[in-house]
Amino acid sequence: MKYQFTYLVNLQFLGFRFHGWQKQTNAKTLHDMVDKTLSFVFKHQDYKTIGVGRTDAKVSANNYVFQLFCDEELDLKSFMKDLNSNFPPDFKGLAIEKTTSDFNIIQHPKVKEYLYFFSFGEKNHPFAAPLIVGLEEYLDIELMKQGAKLFEGEHFFHKYCTQPSAHTIFKRTIDCCEIVENEIYTANFFPKQSFYLRVQGVGFLRYQIRLMMGVLFKLGKGELDLDFIEQSLMENNDRKFFPTIAPSSGLQLYDVKFRMLN
């Protein structure tokens, strides 16, 4: 069906109680909740939404984007007010803009920034669980910072992907990969010190960042070394994915930026 108008909507969500973005049978998903909310706003179901990408179960977003197709021109301010009034407390609409009919949110060039929040040394307060993964073991943060930098640039990520298809492209470029002390989110029930892995790139494989974080956790515990990471990213790696996937709740899609076309 051809719709007359299309918009880009930015939103935030806490993903802890959802099974990711993509709609599934017998599972509560973020896409289901967005569409359910829009049905209340529009008072009909004659619209279509496409998300900027999938997310894993329990993964949150500081800035997610979906494309909305409909047959009515929206009053943007009024629409955002109605959207937020109908969203549950763990969703918030941030902005909306009209775009052209030929815009394709999936195919348009974009850069995604993910953050993975973690702490170590003691068990965290339960209230921190939706946002920060806590490891009780000691981690060598300085060594992990060195390891994170090894992921920057163009590499072969066969070992950092699960369930690839026959057409999966493993040669990928990471623009930025670093570990930073967390000063973004604070609360009196957060650990005194926490960190995040910051990763920027055009596209990521299934579970790629969580597998990278799993390797860095092993590095920080002294269970593998920097040479292991270097070897794992070479074209002649054994192409078996790393078996340790970091928990999903520490991961969030922090930002999405669409690139300008010439």
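Residues numbered from 1 in each chain as written. Predicted model: local features only at pLDDT ≥ 70, side-chain atom pairs only at ≥ 80, totals over all residues. Heavy atoms only, no water.

## Things to note about the overall build of the protein
Within the protein one finds five helices and 10 strands. Within the protein, residue pairs in contact and separated by at least 24 positions form 74% of the contacts whose partners lie at least 6 positions apart. Of the roughly 13800 Å² of accessible surface on the protein, a fraction of 49% belongs to carbon and sulfur atoms. Each charge class in the protein was averaged separately, 31 positive and 31 negative side chains, and the resulting centres sit 5 Å apart. (Helix = DSSP H or I, 4+ residues; strand = E, 2+ residues; numbered from the N terminus. Contact = heavy atoms within 4.5 Å. Areas by Shrake-Rupley, 256 points an atom, 1.4 Å probe, with all protein chains shown as cover. Lys, Arg positive; Asp, Glu negative; His and termini not counted. Charge placed at Lys NZ, Arg CZ, Asp CG, Glu CD.)

## Details of the layout of surface pockets
By volume, the largest pocket is sized at about 1000 Å³. Grouping the amino acids of the lining of the largest pocket by side-chain chemistry returns 16 nonpolar, 15 polar and seven charged. The volume enclosed by the second largest pocket comes to roughly 240 Å³. What lines the second largest pocket is a set of 13 residues, among which Phe13, Leu14, Leu131, Tyr185 and Gln252 lie closest to the centre. (1 Å grid on protein atoms, 1.4 Å probe; cavity = no way out; pocket = protein on both sides within 12 Å on 5 of 7 lines; lining within 4 Å. Points joined across faces, edges and corners; volume = space filled by probe spheres on them. Nonpolar A, V, L, I, M, F, W, Y, C, P; charged D, E, K, R; others polar.)

## Re the UniProt feature "binding site: substrate" (unreviewed entry) in the protein
Mapped onto this numbering, the UniProt entry gives "binding site: substrate" (unreviewed entry) at Tyr114. With respect to the helices and strands, Tyr114 occurs in strand β5 (residues 110–120). Assessed through its relative accessible area of 10%, Tyr114 is described here as buried. Setting aside anything within four residues of it in sequence, one finds Tyr114 in contact with Arg54, Leu197, Arg198, Val199, Phe204, Ile209, Leu251, Gln252, Leu253 and Tyr254. (UniProt positions renumbered as here; feature names shortened; annotations may be inferred. Buried < 20%, exposed > 50% of the residue type's maximum accessible area, 1.4 Å probe, protein only.)

## Re helix α2 (residues 76–86)
Every α-helix winds through 3.6 residues per turn, so residues three or four apart in the chain are directed the same way. Within α2, burial applies to Phe79, Met80 and Leu83. Summarising the axial view, the buried residues of α2 lie within an arc of 95°, below the 170-degree limit, and thus occupy one face. Of the residues in α2, the exposed ones pointing more than 90 degrees away from the buried face are Lys77, Lys81 and Ser85. Contacts from the buried residues of α2 go to β1 (5–13), α1 (30–42), β3 (60–70) and β4 (91–99). (Arc of directions from axis to C-beta.)

## Quick look at the packing of aromatic side chains
Per the counting criterion, the structure on display carries 22 aromatic pairs. A ring pair is formed by Phe103 and Phe258, whose centres lie 5.5 Å apart and whose planes are at 80°; its orientation type is edge-to-face. Taken together, the positions of Phe103 in the loop between β4 and β5 and Phe258 in strand β10 (residues 251–258) put the pair 155 residues apart, joining distant regions of the chain. For Phe103, a relative accessible area of 12% gives the class buried. Seen in terms of ring centroids, Tyr114 and Phe204 are 5.6 Å apart; in terms of plane orientation they differ by 90°. Their pairing is edge-to-face. Pair noted here: Tyr114 is in strand β5 and Phe204 is in the loop between β9 (195–201) and α4 (208–220), with a separation of 90 residues, a long-range link. Each residue in the set Phe13, Phe18, Trp21, Tyr64, Phe87 and Phe91 is aromatic and connected to the rest through ring pairs, giving one cluster. Above the ring of Phe69, the side-chain terminus of Lys48 is found at 5.9 Å from the ring centroid. Above the face of the Tyr207 ring, Arg206 is positioned so that its terminal group lies 4.5 Å from the ring centre. (Phe/Tyr/Trp six-rings, centres within 6.5 Å; stacked < 30°, edge-to-face > 60°. Lys NZ or Arg CZ within 6 Å of the ring centre and 35° of its normal.)

## Some words on the pairing of β1
The element β1 is largely enclosed, with a buried count of eight among its nine residues. The sheet contact formed by β1 and β3 spans eight bridges and is antiparallel. Bridge pairing links Val9 to Phe66 in β3. Judged from the eight bridges that link them, β1 and β4 form a sheet pairing that is antiparallel. The residue bridging Leu11 from the neighbouring strand is Gly93, located in β4. (Pairing = 2+ DSSP bridges.)

## Things to note about the environment of Thr55
By the element assignment, Thr55 lies in the loop between β2 (47–51) and β3. For the pair Thr55 and Ile179, spaced 124 residues apart in the sequence, the C-alpha separation amounts to 21 Å. Leaving out residues up to four positions away in the same chain, Thr55 has contacts with Gly20, Trp21, Leu30 and Tyr64. At 3.1 Å, the side chain of Thr55 forms a polar contact with the backbone nitrogen of Trp21. (Polar contact = N/O pair within 3.5 Å; in protein donor to acceptor, adjacent residues only side chain to side chain.)

## Brief notes about the pattern of salt bridges
Where charged atoms of side chains with opposite charge meet at close range, the side chains can pair. Summed over the entire model, instances satisfying the criterion amount to 12 salt bridges. Where Asp35 meets Lys23, a salt bridge forms, and the shortest distance between an N and an O atom there is 2.6 Å. You can see Asp35 sitting in helix α1 and its partner Lys23 sitting in the loop between β1 and α1, a full 12 residues away along the chain. The exposure class of Asp35 is buried, given its relative accessible area of 12%. Among the ionic pairs, Lys221 bridges to Glu137, the shortest N-O distance being 3.4 Å. Residue Lys221 is found in the loop between α4 and α5 (226–232), and its partner Glu137 is found in the loop between β6 (133–135) and α3 (141–149); the two are separated by 84 residues along the sequence. (Salt bridge = Lys/Arg side-chain N within 4 Å of Asp/Glu carboxyl O.)

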